[in-house]
Amino acid sequence: MTLNRLTLSLLLAISFPAALIGCQSTLIKSPQQTDTVDNTTVNTIYPTDKAVISEAQVMQWVAHYDWQLAQVINQNGNIVDIENFAPIILLIEPSAVSFYQGCEQYMMDFHSMSAPPYPYYSHLAKVPTTCNDDNDFDNALDNKTVITEDNSIQSLFVKYAPVRLNFELLPTSHLTSESAPVAIQAAPKRLALNIENGNRLIFIGSPKALAAPTGLPITNELLEKYHWTLVSAVSNTYDAKGELTRKPLGNFYHPDHPISASFESWPNNQYASFSSGCNGSRAPYFLLNDNTFKVGTIISTVMGCGETGNRIESALFDLMRDSSSQLTLSLQSSQPTSPTADNQTDMPRYNLLQTMATGETLVWQNEVKKIP
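The paragraphs below set out a description of the structure included in this document.

The rules we used
Residues numbered from 1 in each chain as written. Predicted model: local features only at pLDDT ≥ 70, side-chain atom pairs only at ≥ 80, totals over all residues. Heavy atoms only, no water. Helix = DSSP H or I, 4+ residues; strand = E, 2+ residues; numbered from the N terminus. Buried < 20%, exposed > 50% of the residue type's maximum accessible area, 1.4 Å probe, protein only. Salt bridge = Lys/Arg side-chain N within 4 Å of Asp/Glu carboxyl O. Pairing = 2+ DSSP bridges.

**Overview of unusual backbone geometry**
Piece 1. The phi torsion at N291 lies on the positive side, around 70 degrees, for a residue other than glycine.
Piece 2. Non-glycine residue D322 carries a positive phi angle of around 50 degrees.
Piece 3. By the element assignment, D322 lies in the loop between α4 (306–320) and β19 (324–331).
Piece 4. Residue classification places D322 among the exposed positions, given a relative accessible area of 52%.

**As for the pattern of salt bridges**
Piece 1. Counted according to the given criterion, the structure contains three salt bridges.
Piece 2. Here K208 ties to D66 by a salt bridge, and the two come within 2.8 Å at their closest N and O atoms. Pair noted here: K208 is in the loop between β11 (200–207) and α3 (220–225) and D66 is in strand β2 (residues 65–73), with a separation of 142 residues, a long-range link.
Piece 3. The exposure class assigned to K208 is partly exposed, which follows from its relative accessible area of 24%.
Piece 4. A residue is classified by how much of its surface remains accessible, and D66, at 37% relative accessible area, is partly exposed.

**As for the pairing of β19**
Piece 1. Sheet topology places strand β17 (residues 292–295) next to β19; three bridges connect them, and they run antiparallel. The residue of β19 that forms the bridge with F293 is S325.
Piece 2. Bridge analysis of β19 against strand β20 (residues 350–356) gives seven bridges, and the strand direction is antiparallel. The residue bridging S330 from the neighbouring strand is N351, located in β20.

**Some remarks on the pairing of strand β14 (residues 260–265)**
Piece 1. The sheet contact formed by strand β12 (residues 226–238) and β14 spans two bridges and is antiparallel. Bridging across to β14, W228 finds its partner in A261.
Piece 2. As defined by bridge partners, β14 adjoins strand β15 (residues 270–275) across six bridges and the pair is classed as antiparallel. Bridge pairing links E264 to Y271 in β15.
Piece 3. The turn linking β14 back onto β15 is made up of four residues.

Treat this as a map of the structure, not an account of what it does.
Next comes the structure, spelled out in structure tokens:
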């Protein structure tokens with residue numbers, strides 16, 4: 001069976017250019033910040049900045065926007081009439097894209113990836129959803145529009161066919177003046193999904209309302225510069241009286257299985273790796289401008305790690321897989337001299353607080369990143 005090919009293409013209809021670049025301890029206290037900061041040169045990609053977006057950061061950049069379908073063009077170059085469609089919203093995560101149309105949700109999970117042009121294989125699968133008044137996606141639905149087989153998300157894809165996803169940057173492009181239900185001038189960002197031998201879906205994006213981050217600045221480059229060791233991991237629960245109870249996550253304090261993390265950028269994406277001293281792992285991640293940290297599907301080697309090792313590794317991967325958390329960076333209260341690998345430069349010592357959406361808090365400390 002020939003796979004359909006879906007290409008996710010970023011169309012930048014704005015003034016800036018797009019370029020292809022190519023032993024565990026107990027809970028520690030929050031350190032006092034000092035004026036000493038890392039002098040790493042970074043390229044922050046705030047959505048409104050005039051900056052060059054590296055190919056590895058395209059999907060992260062896209063995640064800073066809310067996307068709504070504005071136009072559909074078929075393989076013959078003709079505009080498809082979507083005037084009778086209820087609004088279709090696109091949500092992008094590190095390992096999946098979701099389409100929302102009123103109370104209906106469809107998801108495409110990315111199960112595998114290889115070298116350029118970065119193919120992903122998936123099916124468009126319907127996901128059970130529950131509508132409520134607080135759901136932004138529900139608010140986008142015109143209640144007078146009845147979703148039928150002809151005007152649903154499904155009608156824009158080939159039925160029951162596996163889809164091959166391809167991510168790439170495209171030059172600046174403009175929508176035609178016809179059939180554009182979203183105000184173009186108010187939302188100048190363009191995102192296109194091209195289905196091989198099928199439709200071209202063009203979305204309009206508006207920046208997400210993100211809160212200002214706290215702590216020291218965090219960038220992809222800073223995360224990638226160091227190796228990170230877990231020094232504290234606790235669960236946080238509230239009893240019936242509203243009193244907070246903190247309990248150490250016992251799996252993460254075993255002396256024979258230290259927990260660590262590292263980060264890297266490949267030509268096509270950004271990856272986080274988590275380890276407890278046995279199997280290697282990798283998962284795509286996003287770091288948003290409010291320091292929200294999103295991790296996608298974790299792929300790992302499959303060596304047996306013993307009963308204890310398997311338990312610890314499973315707990316680690318289960319916590320991080322498809323997770324969302326908040327990062328806060330600070331300097332440790334004491335700054336011992338820590339020469340880097342070339343013994344030429346002292347490095348700052350950081351605490352990286354990770355607050356999971358599920359309630360756990362983890363503290364990581366940076367170490368010199370060893371070059372293989």
